[in-house]
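Residue-level structure breakdown
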Amino acid sequence: MTSATTQDQPPQPPKGTAPDGEPQDAGVREEEYLYRDEWFARDDLHRLRIADTTSDLVRRHAASLPAMPSDPKLEEQLPASPHGTVPNVIGVHLYLERSDGTVLLGLRHPDSAFAPSTWHALAGHCEQENAITCLIREAREEAGLHIERQDVELVHVIHHIDKAGDRPRMGLFFRARAWSGEPELREPDKCTEWKFWYPTALPDNLVPYTRVAIAKIQNGELYSETGWPA
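Note that the coordinates shown come from a computational prediction; the quantities given were computed from them, not determined experimentally. (Residues numbered from 1 in each chain as written. Predicted model: local features only at pLDDT ≥ 70, side-chain atom pairs only at ≥ 80, totals over all residues. Heavy atoms only, no water.)

This part covers helix 3 (residues 131-143). Between the first and last C-alpha of helix 3 there are 18 Å, a value that for 13 residues agrees with the 18 Å anticipated at 1.5 Å per step. In terms of burial, helix 3 is a largely internal element, 10 of the 13 residues being buried. Near the N-terminus of helix 3, the side chain that reaches the backbone nitrogen of Ile132, with its oxygen 3.3 Å away, is that of Asn130. At the exit of helix 3 stands Gly144, carrying a positive phi of roughly 70°. (Helix = DSSP H or I, 4+ residues; strand = E, 2+ residues; numbered from the N terminus. Expected span 1.5 Å × (residues − 1). Buried < 20%, exposed > 50% of the residue type's maximum accessible area, 1.4 Å probe, protein only. Polar contact = N/O pair within 3.5 Å; in protein donor to acceptor, adjacent residues only side chain to side chain.)

This is the structure we're talking about:
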């Protein structure tokens, strides 16, 4: 009888899991799930960047399971979420100012979900990356601008909500002291025009919190808040 080749061998489970993939066989409770090779409690799923369909599937599976007794040792290892904690969306914004004092703004596409046909700073949301890396990536992808990390400085932070009950957002505005390239329409489905404006003559149809941030930057103020109830 011939021996089995490597191709005939069944794939081995990831390190830290049981052969049949059941979490309880790996010393982990059913109400915890593997994500990026780490185990997370079901209640922490909202903190992870996973597809809504995946989150719904996990929650439905968890709901079908019988209640399990608590494990004090395991609970000590899991960080407790502060009561009432609400995740904030982190957005980065490019404050690009030329030697004549004008700043770069982009006109958002009429079909944009956020602020259609409205001027806004070049901006984006952080993915699995730090804020400056996100800024450099967005500048390159959206406008073809090349910025080096050492040329970036934080000039303003604005904590804002559009209206009461909306998800809070933390807007980080970074100045690029130097860059290469001229603004190009790399993503015309998002932005239809790039233009430099004088801070004293900004367009009327400008995202409100962007207007506030530009004014604060001009005044040398590092932090502001908008949209929050008085």
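In total, this model carries 12 salt bridges according to the counting rule given. Glu138 serves as the salt-bridge partner of Arg137, at 3.4 Å between the closest nitrogen and oxygen. The exposure classification of Arg137 matches that of Glu138, with both residues buried. With a shortest N-O distance of 2.8 Å, Glu184 and Arg186 are connected by a salt bridge. A single network of salt bridges, built from pairs that share partners, joins Glu127, Glu129, Arg137, Glu138 and Glu141. (Salt bridge = Lys/Arg side-chain N within 4 Å of Asp/Glu carboxyl O.)

Right, let's talk about the sheet that holds strand 4 (residues 103-108) for a bit. Strand order across the open sheet formed by three strands is 5-4-9, with antiparallel pairing between neighbours. Only two strands of the sheet have a single partner each, and these edge strands are strand 5 (119-120) and strand 9 (191-197). In this structure, strand 4 lies alongside strand 5, joined through two bridges in antiparallel fashion. If you follow Gly106 over to strand 5, its bridge partner there is His120. (Pairing = 2+ DSSP bridges.)

With that out of the way, let us pick up unusual backbone geometry. The phi dihedral of Ala115 falls on the positive side, at around 50°, and the residue is not glycine. The buried category is assigned to Ala115, whose relative accessible area is 18%. Phi angles above zero are rare outside glycine, and Ser117 is one such case at about 55°. By secondary structure assignment, the location of Ser117 is in the loop between strand 4 and strand 5.

This part takes up the packing of aromatic side chains. Describing an aromatic ring pair means giving the distance of the ring centres and the angle of the ring planes. Evaluated as defined, the whole model comprises two aromatic pairs. Between Trp119 and Trp197 the ring centres are 5.1 Å apart and the planes differ by 75°, which places this aromatic pair in the edge-to-face class. Linking Trp119 in strand 5 with Trp197 in strand 9, this pair joins segments that are 78 residues apart in sequence. Trp197 carries the same exposure label as Trp119, and that label is buried. When the centroid spacing of 6.5 Å and the interplanar angle of 80° are considered together, the rings of Phe173 and Tyr209 count as edge-to-face. One end of the pair, Phe173, is in strand 8 (residues 169-176); the other, Tyr209, is in helix 4 (residues 208-218), with 36 residues separating them in the sequence. We note that Phe173, like Tyr209, is buried. Geometry around Phe196 places Arg98 over its ring, the cationic atom sitting 4.0 Å from the centre. (Phe/Tyr/Trp six-rings, centres within 6.5 Å; stacked < 30°, edge-to-face > 60°. Lys NZ or Arg CZ within 6 Å of the ring centre and 35° of its normal.)

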